[in-house]
Each structure stands twice: as structure tokens, then as C-alpha cells.
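Next come the chains, spelled out residue by residue.
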Amino acid sequence: MKHFFIVTNQQKDEELTLTGRVQDYILSRGGACEYGTIQKHETDGFKSLNPEELPEGCECVICIGGDGTLIRTAHEFLKEHVPIIGVNRGHIGYLCELDSQTVFGAIDALMKDEYMVEERMMLHGYCIRGGEKQPPHRALNDFVIHRSGLGQVVNLTISVNGEYLNTYSADGMIVATPTGSTAYSMSAGGPIVDPKAELFVMTPISPHSLNSRSIVLGAEDEITIGIGSRRMEQDEQVEVSFDGESAMQLAVGDQVVIRRSAVSTRFVKLSNRSFLEILRKKMQAP
């Protein structure tokens, strides 16, 4: 592996100091390396990279930032199917294998072809609003259906493969991949899952019940979440987001349909450290 592309969240490397050091290190060892930046704007959110910025022949994308940077990069370059590795400049960074101290040794290993590529399953989902099917979205971490407005609890009717499962009165519902199990789902009380597993985790957000727990479903299942009413006015609304990006507003009678995506994200893995070893280290982080 000799040809790299760096994606940097400029909020996490404002002067591009680390980006420049990594690029220079690769070039000094006979590799090729270019970079692009993701910048956050007050009104437009994060400015994404154009997939056309990925140089022809690129063999690996190095993301400098945090888990959010890595996820956005995975979405932008999904069709190119180039493996990705993250350099954590944020907080815990469950998805980022490297930091500013270990990235240079990692580059040496990559250039010696001492690495593995791990496939991570993704979600494919779409909304049915007013009886009309909306354009689909993909997610590496999760789809989140959450209430819109203060103090508004929603009824969510869950069906799996067309069979009714349960109706939840809650602030919302998270459908997460194993990769996403350490994100919002974990914060809502969901289980931590080995990212190599193939399954869904469905976790209610602040359920108004004493027996509402996360449910683990098979990767080939299809989940349908219907927006129900709790008041005569039937004016409840929810917002659907995928990997933290807002998709659309839904009302009573609308639905969200979620299943496994036909495509996956490829992560570069440099060590044989077990999931439990990585998890133990992350859980000890301040």
C-alpha cells in the first residue's frame, strides 16, 4: 500500500499541523499522499468532500478527527469501496484505531502491507410519508426516530418481517448496527456488540414503561416503525435521522422501513487486538 488520501476535520486540526506531518511522512517513504478538509459552517453544517476529490489509485483513506469524521468519510467514499482508518482527535473515538502518537508507526505497517480489512455492515432505510415512498438513506451507525417538540411522547408501532412486535410509548427509537452499538444506542442503555457481528440492535429512547428493553434482531430481518397517535388531535411529529444527519419530519400514519444494506464499509485493521481488549481500554479512558 503506497497511495493514500487524508481527510481532515479542520476543527480538530485547525492549522493542519498533524495533517502536514502525516503527509510529509508518507512522501518521505516513497508513497503518494494528498489531502482534503471537512469544515463546519454555522448555517450549512459540515461541508462534505466531493467523492471526485479521491485520487485515482488511492488504496487507503486516513481520517483525522473523530468518529464523526470517519462516518462522514465512509458515506462520501462508499461507492469507491476504499478502506478507511481513523486517527482520533476527539473524545473516546470507538471507531478510530489510531491517535497522533501511533499514526506514524501505522503508516510504516500499511506501507509494508501488514494490515487486514474488516467489513462492517450498514443499514438501508427509507420513509413512507403521506403514503409516498421517499428516497433511501444508508447508515453505518444507526437510524434514529425521535420526538419533535418538548414534552411530546410518541407511540411507535414495531413490526418485524411484517409481523407485529410491540408498540412503544417513548421519546424515540434507535436501530443500530454492531458498529453503532457504542454510539447513541449505548447512551440509551443498549448493549455493546462486537462490531464484526451481523445483527440489529433496537433500543427505545426513554421508554414510558418498566419492561421496555433493547431487542437484538437478525441481520436479514426487515423492521417497520409506524408513527402512532396518543392524542385525539393526532398532531404528533417525529424526526428521522441517519448517522446523526436529519432526514425528514414524519407525522401520524407515516412509517420508516429499515433493513441491511447491500453494501458495507471497509475498515483497515492493523493489530490482532481482540474486541474485548479494545473495549477494556476505551472504558478506562477519562
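Residues numbered from 1 in each chain as written. Predicted model: local features only at pLDDT ≥ 70, side-chain atom pairs only at ≥ 80, totals over all residues. Heavy atoms only, no water.

Asker: Is there a simple way to think about the overall build of the protein chain in this case?
Answerer: In terms of regular secondary structure, the protein chain is built from five helices and 18 strands. Computed over C-alpha atoms, the radius of gyration of the protein chain comes to 20 Å, within 12% of the 19 Å expected from 2.2 N^0.38 for 286 residues, which places it in the range of a compact globule. For the protein chain, the spread of C-alpha atoms along the principal axes amounts to about 70 × 40 × 35 Å. Burial statistics for the protein chain: of 286 residues in total, 49% are counted as buried. (Helix = DSSP H or I, 4+ residues; strand = E, 2+ residues; numbered from the N terminus. Rg over C-alpha atoms; globule rule 2.2 N^0.38 Å. Buried < 20%, exposed > 50% of the residue type's maximum accessible area, 1.4 Å probe, protein only.)

Asker: Help me understand helix 1 (residues 17–28), please; the structure alone is not making it clear to me.
Answerer: In an α-helix there are 3.6 residues to a turn, and that puts residues three or four apart on one side. Taking 1.5 Å per residue, twelve residues should reach 16 Å; helix 1 reaches 16 Å between its end C-alpha atoms and fits that length. Buried residues of helix 1: Leu18, Thr19, Val22, Gln23, Tyr25 and Ile26, and no others. What you see down the axis of helix 1 is that its buried residues fit within an arc of 160°, all on one side. Note on helix 1: the residue one or two positions beyond its end, Gly30, has a positive phi of about 85°. (Expected span 1.5 Å × (residues − 1). Arc of directions from axis to C-beta.)

Asker: Is there a simple way to explain the pattern of salt bridges in this structure?
Answerer: Side chains bearing opposite charge may pair, as long as their charged atoms lie close to each other. Throughout the structure, instances matching the rule amount to nine salt bridges. With a closest N to O distance of 3.3 Å, Asp171 and Arg147 form a salt bridge. Note that Asp171 is positioned in the loop between strand 11 (163–170) and strand 12 (172–176) and Arg147 in strand 9 (residues 142–147), a separation of 24 residues in sequence. We classify Arg147 as partly exposed; its relative accessible area is 27%. In this structure, Arg260 and Glu220 form a salt bridge, with 3.2 Å as the shortest nitrogen-oxygen distance. One end of the pair, Arg260, is in strand 18 (residues 255–269); the other, Glu220, is in the loop between strand 14 (215–218) and strand 15 (223–228), and 40 residues separate them in sequence. When its relative accessible area of 26% is taken as the criterion, Arg260 is described as partly exposed. Through salt bridges with shared partners, one network takes in Glu198, Glu220 and Arg260. (Salt bridge = Lys/Arg side-chain N within 4 Å of Asp/Glu carboxyl O.)

Asker: So what exactly am I meant to see when it comes to the side chain of Glu118 here?
Answerer: Here Glu118 lies in strand 6 (residues 116–129). There is a polar contact of 2.7 Å between the side chain of Glu118 and the side chain of Arg120. Excluding residues that lie within four positions of it along the chain, Glu118 makes contacts with Lys196, Thr265, Arg266, Phe267 and Lys269. (Polar contact = N/O pair within 3.5 Å; in protein donor to acceptor, adjacent residues only side chain to side chain. Contact = heavy atoms within 4.5 Å.)

Asker: Would you explain the pairing of strand 1 (residues 3–9) in this entry?
Answerer: The buried count for strand 1 comes to seven of seven residues, which makes it a mostly enclosed element. Where strand 1 and strand 4 (residues 60–65) come together, five bridges link them in parallel fashion. In the sheet register, Ile6 faces strand 4, and the bridge partner there is Ile62. (Pairing = 2+ DSSP bridges.)

Asker: I tried to follow the pairing of strand 10 (residues 154–160) on my own but got confused; where do I start?
Answerer: A regular strand places its side chains so that they alternate between the two faces of the sheet. Within strand 10, six of the seven residues are buried, which leaves it mostly tucked inside the rest of the structure. By the bridge criterion, seven bridges tie strand 10 to strand 11 in an arrangement that is antiparallel. If you follow Thr157 over to strand 11, its bridge partner there is Thr167. Counting the residues in the hairpin turn of strand 10 and strand 11 gives two residues, including Asn161, whose phi is positive at 55°. Here six bridges tie strand 10 to strand 15, and the two strands are oriented antiparallel to one another. In the strand pairing of strand 15, Ser159 is matched with Thr224.

Just geometry here; none of it tells us what the structure is for.
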